[in-house]
Amino acid sequence: MATTLHPAKFGPYGGQFVPETLMPALAELEAAFVAAQNDLDFQQEFNKLLATFVGRPTPLTHVRRLSEQLGGAQVYLKREDLAHTGAHKINNALGQALLVKRMGKQRIVAETGAGQHGVASATAAALLGLDCVVYMGEVDIARQEPNVFRMKLLGAEVRPVSSGTRTLKDAINEAIRDWVTNVADTHYLLGSALGPHPYPTMVREFQSVIGREAREQILLETGRLPDTVIACVGGGSNAIGVFSGFVNDDSVELIGVEAGGSGIASGKHAARFGDPARARVGVIHGTRTYVLQDEDGQIAETHSVSAGLDYAAIGPEHALLRDTERAFYTSATDGEALAAFGLLCRIEGIIPALESSHAVAEAVRRAPTMGKDQVILVNLSGRGDKDLNTVISEMGRQ
Ligand SMILES: *Cc1c(COP(=O)(O)O)cnc(C)c1O
């Protein structure tokens, strides 16, 4: 049986840019993943946890009042906000944690920015009896206190990172350093469709359940495929998960929404595709992809009101989807996301994550330009409870 996945690259993007000492661990991971994909017992165990622990399938909701108000396309939400721990991240964390058991390892390390992936990792570790260390920048620890407390309650150790800008990219550096040192018994549980092969492919496969369910649900509900599928793109895992269900349906337009922050011209954003002057192809955290860089080629500082979209690089598969024009990418500003957030709260009774609000903002822009018989599917990647402090202080500012 084959033990490697193809391709390791997405056109010119992706690959494995890691220290020599990590190559055996990547090969072991790839072999374990390929074997698990072909193992009915593993698939059954994963699917059972998705059903009985995560609460899948997550529903598809037709947001009638929003659609009516926009006066065009019918908008449907895929409700990843209703998954256990409040976002799609648990799908991937559980899949990788099951692989860790299979590889006979006992310890996971993870990075986290806002804390959502840290909480998902700590949750999976608690469920499966694994030791869990989460690296988190000191700045993020200060602004995401409730999630730090959650991770500790779940039995994880949260290690503050004081290097660099003391945010997500520094936490990733430290997690990789730990992994290199302890690779014999430790797995790096990466939280998005990023990093060296096989991570981008593996994370896509664990998140593809979103697209499979959504395709079946929308066909059942409307009798047709959607015209447009919209998802927000940080590293790109929720987007690649939902896109994977429709990528072979040529009639379905795929739209990724990056963080426009204070606007592209301000330089304060995380729109890797949206700012060709500053985003160049480079190598970051083990993969070749688009990276926002400053004039010296250093990783640029990014800004977004949503911590989950606030990262300088985008997953390598998205870079290829964009080059081949199978998917299109746009951005929504902090203000547009906050407006969409408020709208969904008030007229649909759903408090979305600020990340997901970027995808809703694009639906708000597009729906009025489409016919009433057309369909937009938005992947609502998470719920907004974690963002209430941010929203309160942003509203105070306006
Ligand atoms: C982390 C996060 C994101 C961004 O990550 P992707 O890998 O791009 O999906 C989006 N939405 C929510 C709710 C998140 O927690």
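Residues numbered from 1 in each chain as written. Predicted model: local features only at pLDDT ≥ 70, side-chain atom pairs only at ≥ 80, totals over all residues. Heavy atoms only, no water.

Caption draft 1: Inspection of the packing of aromatic side chains at higher detail. In this structure the tally under the stated criterion is nine aromatic pairs. Ring pairs connect the aromatic residues Tyr13, Phe273, Tyr290 and Tyr329, which therefore count as one cluster. The residue whose ring lies beneath arginine 322 is tyrosine 290, and the NZ or CZ to ring-centre distance is 5.3 Å. (Phe/Tyr/Trp six-rings, centres within 6.5 Å; stacked < 30°, edge-to-face > 60°. Lys NZ or Arg CZ within 6 Å of the ring centre and 35° of its normal.)

Caption draft 2: Just the nonpolar core, in detail. Ranked by size, the top nonpolar core spans 90 residues in total, and within it Leu99, Phe243, Phe246 and Leu377 carry the most contacts. For this core, the element with the highest residue contribution is helix α9 (residues 199-222), accounting for eight residues. Once you skip the residues sitting within four places of it in the chain, leucine 377 turns out to touch Leu60, Tyr76, Lys78, Ala214, Ile218, Pro226, Thr228, Val229, Ile230, Val242 and Phe246. Membership of the second largest hydrophobic core comes to 28 residues, among which are Leu77, Ala363, Ala367 and Val378. (Core = buried A, V, L, I, M, F, W, Y, C linked by side-chain atoms within 4.5 Å. Buried < 20%, exposed > 50% of the residue type's maximum accessible area, 1.4 Å probe, protein only. Helix = DSSP H or I, 4+ residues; strand = E, 2+ residues; numbered from the N terminus. Contact = heavy atoms within 4.5 Å.)

Caption draft 3: Molecular detail of the pattern of salt bridges. Across all of its chains, the model carries 26 salt bridges by this definition. When the shortest N-O distance is used, the salt bridge between arginine 215 and aspartate 249 registers 3.0 Å. Taken together, the positions of arginine 215 in helix α9 and aspartate 249 in the loop between α10 (237-243) and β10 (253-261) put the pair 34 residues apart, joining distant regions of the chain. Classification of arginine 215 as partly exposed rests on a relative accessible area of 28%. By relative accessible area, aspartate 249 is classed as buried at 13%. Within this structure, Glu253, Glu336, Glu362, Arg365 and Arg366 form a network of salt bridges that share partners. (Salt bridge = Lys/Arg side-chain N within 4 Å of Asp/Glu carboxyl O.)

Caption draft 4: View of the sheet that holds strand β8 (residues 186-188). Judged by pairing direction, the sheet is parallel, and its four strands sit side by side in the order β7-β6-β5-β8 without closing on themselves. Edge positions in the sheet fall to β7 (157-161) and β8, since each has one partner strand and no second. The average undirected angle you get between the axes of adjacent strands in this sheet is 25°. The pairing of strand β5 (residues 107-112) with β8 spans three bridges and is classified as parallel. (Pairing = 2+ DSSP bridges. Axes fitted to C-alpha atoms, helices over the stretch in contact; angles between N-to-C directions.)

Caption draft 5: Representation of the site of the ligand. Within the structure, the ligand sits among 17 residues, and Lys89, Ser192, Gly234, Ser237 and Ser381 are positioned closest to it. Note that an oxygen atom of the ligand is positioned 2.6 Å from one of the side-chain N or O atoms of serine 192. Within the side chain of asparagine 238, a nitrogen or oxygen atom sits 2.8 Å from an oxygen atom of the ligand. Here the ligand has 380 Å² of accessible area as a free molecule, and 97% of this is covered by the chains. Per-class residue counts for the shell around the ligand are four nonpolar, 11 polar and two charged. (Near = heavy atom within 4 Å. Polar contact = N/O pair within 3.5 Å; in protein donor to acceptor, adjacent residues only side chain to side chain. Areas by Shrake-Rupley, 256 points an atom, 1.4 Å probe, with all protein chains shown as cover. Nonpolar A, V, L, I, M, F, W, Y, C, P; charged D, E, K, R; others polar.)

Caption draft 6: A look at the pairing of β10. With respect to burial, β10 is a largely interior element, eight of its nine residues being buried. Across five bridges, strand β9 (residues 228-232) lies against β10 in parallel orientation. By the bridge assignment, isoleucine 230 is partnered in β10 with isoleucine 255. After leaving β9, the chain enters α10 and then returns to the sheet as β10, a path that is right-handed. The pairing of β10 with strand β13 (residues 327-333) spans seven bridges and is parallel. Bridge pairing in β13 links leucine 254 to alanine 327. (Right-handed = clockwise from strand over helix to strand, strands pointing away.)

Caption draft 7: Inspection of the sheet that holds β10 at higher detail. Reading across from one edge, β3-β4-β14-β9-β10-β13 is the order of the six strands in this open sheet, with mixed pairing throughout. Looking at strand neighbours, the two that pair on one side only are β3 (60-62) and β13, the edges of this open sheet. In this sheet, neighbouring strand axes are inclined to one another by 25° on average, regardless of whether the strands run parallel or antiparallel. Its contacts with the sheet place helix α12 (residues 334-348) against β4 (74-79), β10, β13 and β14 (375-380), and it is angled at close to 85° to β13. Contacts between helix α13 (residues 354-366) and the sheet are confined to β9, β10, β13 and β14, with β9 contributing the most and set at about 145° to the helix.

Caption draft 8: Layout of the side chain of glutamine 207. By the element assignment, glutamine 207 lies in helix α9. Polar contacts involving the side chain of glutamine 207 include one to the main-chain carbonyl oxygen of histidine 88, which spans 3.1 Å. If near-sequence neighbours (up to four positions away) are discounted, glutamine 207 is found in contact with His88, Lys89, Asn91, Asn92, Ser237 and Gly241.

Caption draft 9: Representation of unusual backbone geometry in the model. With an omega dihedral of 0°, the bond running from arginine 56 to proline 57 counts as a cis peptide bond. Relative to the helices and strands, proline 57 resides in the loop between α2 (40-54) and β3. Note the cis peptide between histidine 197 and proline 198, where omega equals 10°. Of note, the phi angle at arginine 166 is positive, near 60°, even though the residue is not glycine. Phi at histidine 285 is positive, roughly 45°, even though this residue is not glycine. Locating histidine 285 in the fold gives a position in the loop between β11 (279-284) and β12 (287-292). On the basis of relative accessibility, which here comes to 15%, the residue histidine 285 falls in the buried class.

Caption draft 10: Expanded view of the environment of arginine 278. Looking at the secondary structure, you find arginine 278 in the loop between β10 and β11. Residues contacting arginine 278, with those up to four places away along its chain left out, are Gly267, His269, Val291, Leu292, Gln293 and Ala300.

Interpretation in functional terms is not warranted from these geometric data alone.
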